There are 2 protein chains.
Amino acid sequence: MAKQRNNSINIKSVAQLAGVSISTVSRVINSPESVSEELRERVRKAIEELGYRPNQIARSLRTGSTKVVGFIIPDITNPAFLLMVKGAEDYLKRKGYMFIVCGTDHNIEEETKLLKTLLSQSVEGIIVTCSGGRNSSFAKTIQDSGVKLVFMDRRYEDIDLPYVGVDNTAGMEKITDLLVQTGHRSFVYLSGERNTSSAKERLRGFMKSMKKHGVKDYQVLYGRFTFESGYELTKKLKKIPEAVVGGNDLVALGAIEALNEMGYHVPDDVSVVGFDDMFYSKYSKPGLTTVRQPIYEMGYIAGKVLWQLLSGKNVRKRVTILQTDIVLRETVKERNASDRRLTEKVEVVS
Amino acid sequence: MAKQRNNSINIKSVAQLAGVSISTVSRVINSPESVSEELRERVRKAIEELGYRPNQIARSLRTGSTKVVGFIIPDITNPAFLLMVKGAEDYLKRKGYMFIVCGTDHNIEEETKLLKTLLSQSVEGIIVTCSGGRNSSFAKTIQDSGVKLVFMDRRYEDIDLPYVGVDNTAGMEKITDLLVQTGHRSFVYLSGERNTSSAKERLRGFMKSMKKHGVKDYQVLYGRFTFESGYELTKKLKKIPEAVVGGNDLVALGAIEALNEMGYHVPDDVSVVGFDDMFYSKYSKPGLTTVRQPIYEMGYIAGKVLWQLLSGKNVRKRVTILQTDIVLRETVKERNASDRRLTEKVEVVS
DNA sequence: TTGTACGCGTTATCAA
DNA sequence: TTGATAACGCGTACAA
């Protein structure tokens, strides 16, 4: 059963009421200056009276322009992703766009599926935060369709499309440098899933710092990017290092919890750092020292880049990398050579 | 400049390639059983070969059914709202719907504006979590349009439309009862903005408990629903009560922070409870005793109700109220009559 | 400045 | 079972 037109008020009824042709009504809406003042007023009154609103669907079909952009993010429940989305929306809504936001639940197949759905919804552009480290069917679908697309925060490195991200490598290197400079000698790096571009970059930053300073006493562990994973990984540690580096804040917070339970004090016995500066990190006790990313700004710029693409402009920079800041709080403590109590304690424990 | 059709692959090109009429192609897509096996296969091969996907816009124009539902929530950055949205999406996406999610930033005017925008985008249904306690232009716009609409979590009480929410009153009453039963004699209730339906309901629950048990020693303070607000309100307290009740978890956590700084221990000196059981509350130290709402489920049911509306069914229950659970953690301590140390201390402080 | 008529891509009706 | 054709609501080239 075809859905009943709940609203028969279309351009035609307005035209009738105003006693003009539909083209005049259309013109009043789209280029009022090309209509005589008299008719313009008549039409406007008719529009007002009927409460007429142009049917966007019909409009889109006709013009080929839907004024809708889509987002594909790994998890619509994660505030960080949504802050990016908000950034992009804030830029694009001033240009008259609407938004469809889809979450893949970190599922790569879902990602391609959503892409196709968005395509058939005729979105004009798409902003994607990748769910995995590789997605071959994704690339194919994009190229076939010719949509405008921008990667945000994470990208598929084999797809050459504009990307707006954060310098994960430099950020992680910087905070690890800080640990080395404050006298830490032994390290554990707690990574999450190792497949996304950002996860790889962060680990690379950690490794760079280790190499640069000639530190040999480090260990890299893989888990997930969750509180629980940080907790469990830490609990399994045979040897407690002087510093624990979390692949993100959640992991770091989990590590702190585990360390506390194991009888270690942060930062007196062990320093811990994270990455993200998520909402809660400033309220945790002790306050987590971490790396802050310009999340909102990243989205905002991604929106801007997409808009350049949409308006047919040449995008000067295909890749935009934003820098991070270190947020000093309370989980890092300066250590010096005489401070060997910890190491001894570890010997006993292990 | 009209946008160039990037895809000339439409139903017509499929028909040509398969050597059939467009009606046959349409039928293969919408009612395959009504097409002979031979043609069906030919058409399918053509579709595959061209990578054809039906244009949803054209489809919508023709059928009047867009298969899109919109959400209006106060803040797209708040994980709680998004978990509701996810619940609704999970239900509705199995029915083939897409989603447009809009945030008002707690701005009521924006709310009406977004509603109108969604309407002109021809969404079939809308799920709304109100941004304020009243919005008169909202009601009018809905009634004029005849959209299917469901309120989720918060509603405008003067608009008679289906509502799915949580029993805020009973939840708050229950946890306050718990405090009374565990020997607490003096209370401070820290509310957020007092204009939303849920905020009012929670306060009502607190008051009911006070009255029921004949407690006179209580105080209600208004601020915002933020950590900072809970912190500031608490800092200004002249007299520290035996129990602080937060209008939500954020406020409660802020109160704990303030109490700690003021030299009070939670829960030894003061008990604190919240409402929401937000993500971080289980990790806070001490773990926050609070009220858990079935957030996801609420969204799921809202989705279900909307679907009933959309498929023209009679919705049996216009109002669905879900019950809450108390989550016992570490911020409440049993007190007894001999435990008067605190009161004395307070006398001195104030 | 205004109106007529066509087409956007699809589904639905009707004949064949 | 299949095909030709009329809508859906709008924008726009072209004619007046």
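What you see is a predicted model; the values in this text were computed from it and never measured.

Cut-offs and rules
Residues numbered from 1 in each chain as written. Chains lettered and ligands numbered in written order. Predicted model: local features only at pLDDT ≥ 70, side-chain atom pairs only at ≥ 80, totals over all residues. Heavy atoms only, no water. Domains from an automatic or database assignment. Contact = heavy atoms within 4.5 Å. Buried area = accessible area lost by both parts, 1.4 Å probe. Salt bridge = Lys/Arg side-chain N within 4 Å of Asp/Glu carboxyl O. Polar contact = N/O pair within 3.5 Å; in protein donor to acceptor, adjacent residues only side chain to side chain. Helix = DSSP H or I, 4+ residues; strand = E, 2+ residues; numbered from the N terminus. Near = heavy atom within 4 Å. Nonpolar A, V, L, I, M, F, W, Y, C, P; charged D, E, K, R; others polar.

Now for the domain arrangement of chain A. Residues and elements named next belong to chain A. What the domain assignment reports for chain A is domain 1 (11-54), domain 2 (65-161 + 296-323) and domain 3 (168-289 + 328-349). The gap between the C-alpha centroids of domain 2 and domain 3 is 32 Å. If you look at the interface, domain 2 gives eight residues, while domain 3 gives five residues. The contact between domain 2 and domain 3 buries some 590 Å² in all, and 38% of this surface belongs to carbon and sulfur atoms. At the junction of domain 2 with domain 3, the criterion picks out zero salt bridges. Across the domain 2-domain 3 interface, the total number found is two residue pairs in polar contact (both at pLDDT 80 or more).

Another point: the interface of chain B and chain A. Contacts between the two partners involve 51 residues from chain B, matched on the other side by 51 residues from chain A. For the pairing of chain B and chain A, the buried interface totals around 4400 Å² over both sides, and the portion due to carbon and sulfur atoms is 59%. Per-residue buried area on chain B facing chain A is highest for B:I57, B:M98 and B:Y280; these three make up 15% of the total on that side. On inspection of chain B and its partner chain A, the count reaches four salt bridges. Residues A:E257 and B:K285 are paired through a salt bridge, measuring 3.2 Å at the closest nitrogen-oxygen approach. The tally of links between chain B and chain A comes to nine residue pairs in polar contact (both at pLDDT 80 or more). When residues of the side of chain B that touches chain A are traced back to their parent elements, those giving at least two are α4 (56-63), α5 (79-93), β2 (98-103), α6 (108-120), α7 (136-145), α10 (227-235) and α11 (249-261) of chain B.

Residues in close proximity to DNA strand C total 23 residues, the closest being A:S23, A:T24, A:S36, B:I11 and B:R62. For DNA strand C, the fraction of protein-proximal atoms (within 4 Å) that sit in sugar or phosphate groups is 68%. Side-chain polar atom of A:R27 to a base nitrogen of DNA strand C: 2.7 Å apart, as the coordinates give it. Within the contact set of DNA strand C, a phosphate oxygen lies 2.4 Å away from a side-chain nitrogen or oxygen of A:S36. Every element with two or more residues in the surface near DNA strand C is listed here: α2 (22-30) and α4 (56-63) of chain A together with α2 (22-30) and α4 of chain B. Broken down by element, the surface near DNA strand C gets its largest block of residues, four residues, from α4(B). Each residue belonging to the surface near DNA strand C can be placed in one class, and the counts come to eight nonpolar, ten polar and five charged.

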